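What follows is the residue order along each chain.
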Amino acid sequence: MTTIPSRLAQMTRISSSRAEVRLRAIDLYRAWVRAVRALPIELASYPTLTERSFDKAPEICTIYALNVTPAHLRHSIRQKFEQNRHVTDQRAIEVLLLKGQQELQETLNCWKQPDHIYGIMLQNNQRPHRTFLQKFYEGRDEDAVLPAASGVV
């Protein structure tokens, strides 16, 4: 598949109101969901995507030959959006939207390996909830000190 780097590129913009930020977040979510849809038969024979066929974006599972169902991938995308639902700072939301659009562009242009999709999108990074006494009985508080991103755990 030929990649067109500017196909999904967008100019960085700052929203003027909360309603505009909300609409941009919904548009980004819809773009991700469209990217997971099944690959249409008429696009299967063409090596590149045209602007007219952008509505029928190829399925991420097909591009990367993932061993997960599209429903599972849609669910994990939904979870990623739900994790940031509590963010209220408009500038922080702008950064999250920028990063989400960047991830979408990199994913659809095949600039990632399947391991990136499995690790970043499909892995659940939440720790199980433990009470204070459970942590006390274990003798440590893992939530107080998180390991650095040096690769040493």
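All of these numbers come straight from a predicted model, not from anything done at the bench.

## Observations regarding the overall build of the chain
- From N to C terminus, the chain includes 7 helices and 0 strands.
- Sequence-ordered secondary structure for the chain, helices as α and strands as β, is α-α-α-α-α-α-α.
- Burial analysis of the chain (153 residues in total) assigns 27% to the buried set.
- Excluding contacts between residues fewer than 6 apart, the proportion of contacts in the chain whose partners are at least 24 apart in sequence is 68%.
- For the chain, the exposed area adds up to about 11100 Å²; of that, 56% sits on carbon and sulfur atoms.

## Points about helix α1 (residues 18-36)
- In a regular helix each residue adds 1.5 Å, so 19 residues correspond to 27 Å; α1 covers 28 Å between its end C-alpha atoms and thus fits that length.
- Val21, Arg24, Leu28, Ala31, Trp32, Ala35 and Val36 are the residues of α1 that are buried. Mapping the buried residues of α1 onto a view down its axis gives an arc of 145 degrees, with all of them on the same face.
- Each element contacted by the buried residues of α1 is listed here: α3 (60-64), α4 (70-83), α5 (90-108) and α6 (114-121).

## Concerning the UniProt feature "domain: Complex 1 LYR protein" (unreviewed entry) in the chain
- Here, UniProt's "domain: Complex 1 LYR protein" (unreviewed entry) annotation points to residues 71-106.
- Structurally, residues 71-106 is divided into 83% helix and 0% strand, and its ends, taken at the C-alpha atoms, are 21 Å apart.

## Some words on the packing of aromatic side chains
- Here the structure, examined in full by the defined rule, presents 1 aromatic pair.
- An angle of 80 degrees between the planes, with centres 5.3 Å apart, marks the rings of tyrosine 29 and phenylalanine 81 as edge-to-face. Of the two residues, tyrosine 29 sits in helix α1 while phenylalanine 81 sits in helix α4, which places them 52 residues apart along the sequence.
- Tyrosine 29 sits in the partly exposed class, given a relative accessible area of 23%.

## Let's talk about the pattern of salt bridges
- With the rule as written, the count across this model stands at 4 salt bridges.
- A salt bridge links arginine 85 to glutamate 82, with the shortest nitrogen-to-oxygen separation between them at 3.2 Å.
- Overall, glutamate 82 belongs to the partly exposed group, its relative accessible area being 33%.
- Connected through shared salt-bridge partners, Arg78, Glu82 and Arg85 make up one network.

The rules behind these values
Residues numbered from 1 in each chain as written. Predicted model: local features only at pLDDT ≥ 70, side-chain atom pairs only at ≥ 80, totals over all residues. Heavy atoms only, no water. Helix = DSSP H or I, 4+ residues; strand = E, 2+ residues; numbered from the N terminus. Buried < 20%, exposed > 50% of the residue type's maximum accessible area, 1.4 Å probe, protein only. Contact = heavy atoms within 4.5 Å. Areas by Shrake-Rupley, 256 points an atom, 1.4 Å probe, with all protein chains shown as cover. Expected span 1.5 Å × (residues − 1). Arc of directions from axis to C-beta. UniProt positions renumbered as here; feature names shortened; annotations may be inferred. Phe/Tyr/Trp six-rings, centres within 6.5 Å; stacked < 30°, edge-to-face > 60°. Salt bridge = Lys/Arg side-chain N within 4 Å of Asp/Glu carboxyl O.

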